[in-house]
Amino acid sequence: MTWVASAVDSRYGVENLPYGVFSTPNDSAARLGVRIGDEVLDLRRVAESGQCATCPTCSALRAPTLNAFMARGREVWSTVRGQVQSVLTDPGMEPHIRPMMTPLAKVTMHAPFLVADYVDFYSSEHHATNLGRMFRPDSEALLPNWKHLPVGYHGRAGTVVPSGTPIVRPQGQRRTPDGEIVFGPSARLDIEAEVGFVVGVPTVLGHPAGVDEFREHVFGAVLVNDWSARDIQAWEYVPLGPFLGKSFATSVSQWVTPLDALDDAEITAPVQDPEVLPYLIEKDRYGYDLRLSVKWNGTEVSRPPFADMYWTPAQQLAHMTVNGAGLRTGDLYASGTVSGPAAHQRGSFIELTWGGKEPVTLGDGATRTFLEDGDTVELNATAMGTEGRMIGLGEVVGTVHSH
Ligand SMILES: O=C(O)/C=C/C(=O)CC(=O)CC(=O)O
Ligand SMILES: [Ca+2]
Ligand SMILES: [Mg+2]
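Since the structure is predicted, the reported quantities are computational estimates derived from the model, not experimental observations.

Novice: Honestly, the overall build of the chain in this entry has me stumped. Any pointers?
Specialist: Within the chain, the secondary structure is distributed over 10 helices and 26 strands. Its C-alpha atoms give the chain a radius of gyration of 21 Å, within 12% of the compact-globule value 22 Å for 403 residues. With 403 residues in all, the chain has 44% of them scored as buried.

As structure tokens, this is what we get:
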């Protein structure tokens, strides 16, 4: 039990403890923090108070992004997490730790880590089936490779932005229903609700990360909104895949949830049929029971379940490196849109409105197909934490601005 009152009935209790980067009005330097309840614990001050000038872990905790800490590896991640949990649950530590905490309402949050490479997968069978039916109505919904490898593409790391960053409506080429090629602001701006995994420990070029080495390399998870301009995408994507339709902005949560916080959310992942190649076979195959929520201008329009993703983050990691491509600290790979089998579990608006043909009604009576200027989307997620306490991941918020 923690002595932090705001954490007692919170989804940000001591079983969660996500990491972020913040500054305060009194000290504009960006620094690492841990969220506990409605407060932020300043890890730079914790490291400074330890009188340790030289050890690599303390210097990593004094850095302005999470990268150096994420590079330290699982043993250090677990030790630091254990120490933070212990000071936040020991009432005797309150007088020492309290001065290092700031209410969330008073801090400015920054990008939590420097994104190295960004990869986006396509691992929900329901989403891939729905999009296949809409984009390629004359072919099989799932392409022949889909059950043999986790399909993905390399995205644009430089446009990954933290929650709260305004989203400027992209412009581009599209083909009208009459076949005319025109230029202008996207008329089919959409979202994709996803879960992203952040690499801490790199690999050496030429040496793949094995499917059972997921926990050695991956530090934690973020929520991701992969904003997508469907009209730009539909015209440009053949044959090389998504390009400008998705590269204008990708929003991530300001807080990175450590994998250790998700241990109790592990569940058996769906059985794969046909059997996959040996490099994708896991000794212990598990996914995460994360329950996502999508709000459009404040109205919850969807609850996508992460539990039934066909490809696991461990398989995605193995596949992404099987050719020898190296991992770098700060690499981010997203799951792909999370959609469940039911209509109210779809993680994109193109699916929810079936290509814009079935508008959704929001709480204020307004109807929508795709995003309008001024619209705000908020993603959240919850997971089971230790001792039956729920933990929160999120949120990811973005408001659309005219171009
Ligand atoms: O099937 C297609 O051509 C396109 C699919 C997507 O837009 C999905 C994508 O970005 C990957 C994902 O989020 O699942
Ligand atoms: Ca995506
Ligand atoms: Mg992007």
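Read on for the rest.
Novice: Explain the sheet that holds strand β26 (residues 390-401) here, please?
Specialist: Two modes of strand pairing occur in sheets, parallel and antiparallel, and in both the strands are linked by backbone hydrogen bonds. Taken in spatial order, the 5 strands make up an open sheet running β9-β26-β25-β20-β21, and their pairing is mixed. The open sheet has two free edges, formed respectively by β9 (167-168) and β21 (299-302), since each of these has just one partner strand. By the bridge criterion, 2 bridges tie β9 to β26 in an arrangement that is parallel. Across the sheet, V168 pairs through a bridge with H401, a residue of β26.

Novice: Help me understand helix α9 (residues 313-321) in this model?
Specialist: Note: α-helices contain 3.6 residues per turn, so residues at a spacing of three or four share the same orientation. The element α9 is largely enclosed, with a buried count of 9 among its 9 residues. Among all positions in α9, only P313, A314, Q315, Q316, L317, A318, H319, M320 and T321 are buried. Along its buried surface, α9 packs onto β6 (118-121), β13 (193-199), α7 (214-217), β14 (218-225) and β22 (332-334).

Novice: Would you take a moment to explain the site of ligand 1 for this structure?
Specialist: In the vicinity of ligand 1, 14 residues are found, and the nearest of them are Y122, L131, E192, G336 and T337. Of all the elements, helix α6 (residues 125-135) adds the most residues to the shell around ligand 1, at 4 residues. In the shell around ligand 1, the residues fall into 5 nonpolar, 5 polar and 4 charged.

Novice: Sorry, what's going on with the nonpolar core here?
Specialist: Looking at soluble globular proteins, one finds that nonpolar side chains tend to be buried together. The biggest cluster of nonpolar side chains holds 98 residues, and the ones touching the most others in it are I36, V198, L223, L290 and A383. Looking at this core element by element, the count peaks at 6 residues for β14. Discounting chain neighbours no more than four positions away, the residues touching I36 are T2, V4, A7, Y12, V14, L17, L41 and L88.

What counts, and where the lines are drawn
Residues numbered from 1 in each chain as written. Chains lettered and ligands numbered in written order. Predicted model: local features only at pLDDT ≥ 70, side-chain atom pairs only at ≥ 80, totals over all residues. Helix = DSSP H or I, 4+ residues; strand = E, 2+ residues; numbered from the N terminus. Rg over C-alpha atoms; globule rule 2.2 N^0.38 Å. Buried ≥ 20, exposed ≤ 12 C-beta atoms within 10 Å, placed from the backbone. Pairing = 2+ DSSP bridges. Contact = placed C-beta atoms within 7 Å. Near = placed C-beta within 6 Å. Nonpolar A, V, L, I, M, F, W, Y, C, P; charged D, E, K, R; others polar. Core = buried A, V, L, I, M, F, W, Y, C linked by C-beta atoms within 7 Å.

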